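Residue strings, one per chain:
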Amino acid sequence: MSGTQLTVTLSGGGADDARTVVRVLEGAFGAPDELPGDENATVRTATFGDATPEGGAADAGEGGGRLSAPVTVTVQGSPEAVRRASDTLARAFTARDDGAASGDQEQERQLLLEP
């Protein structure tokens with residue numbers, strides 16, 4: 001299933017933390033539709049319009065950046081996209097898996113990323 005969409009929802013931390021997380025995912029999914037930017041938001045989202053594998057996926061991860069506070073990340077999309085996003089984030093940050101929910105064709109996983 002190529003051409004699926006990955007939606008990332010982030011809460012906690014600031015806009016810089018959200019951008020740091022999204023930039024880590026760019027190595028696996030390409031550029032998002034838009035970087036999170038609202039400094040006053042409590043929940044930020046980013047959508048990767050075409051979550052097909054890219055050659056840089058193996059490079060995404062380690063050394064992704066530092067977070068100023070814990071960030072809760074929910075990734076939603078195809079099971080393959082969610083798995084790749086979860087693996088990428090776990091390589092880049094200290095991550096705790098807070099659970100997953102599976103639908104008919106989509107999956108959702110929640111991670112807590114710690115500074």
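That block above? That's the structure.
Scope of this entry: the structure provided in the associated data block. (Residues numbered from 1 in each chain as written. Predicted model: local features only at pLDDT ≥ 70, side-chain atom pairs only at ≥ 80, totals over all residues. Heavy atoms only, no water.)

**Structural notes on the overall build of the protein**
And then number 1: The helix and strand tally for the protein stands at two helices and five strands.
And then number 2: Secondary structure elements in the protein, listed N-terminal to C-terminal, are β-α-β-β-α-β-β.
And then number 3: Counting the 115 residues in the protein, one finds 42% classified as buried.
And then number 4: In the protein, 72% of the contacts between residues at least 6 apart in sequence involve partners at least 24 apart.
And then number 5: Total accessible area on the protein stands at roughly 5900 Å², and carbon and sulfur atoms take up 42% of it. (Helix = DSSP H or I, 4+ residues; strand = E, 2+ residues; numbered from the N terminus. Buried < 20%, exposed > 50% of the residue type's maximum accessible area, 1.4 Å probe, protein only. Contact = heavy atoms within 4.5 Å. Areas by Shrake-Rupley, 256 points an atom, 1.4 Å probe, with all protein chains shown as cover.)

**Considerations on the pattern of salt bridges**
And then number 1: According to the stated counting rule, one finds seven salt bridges in the structure shown.
And then number 2: Where glutamate 80 meets arginine 84, a salt bridge forms, and the shortest distance between an N and an O atom there is 3.6 Å. With glutamate 80 and arginine 84 both in helix 2 (residues 79–92) and four residues apart, this pair spans about one turn of that helix.
And then number 3: For glutamate 80, a relative accessible area of 39% corresponds to the partly exposed category.
And then number 4: Overall, arginine 84 belongs to the buried group, its relative accessible area being 10%. (Salt bridge = Lys/Arg side-chain N within 4 Å of Asp/Glu carboxyl O.)

Function cannot be read off these values alone, since they describe shape.
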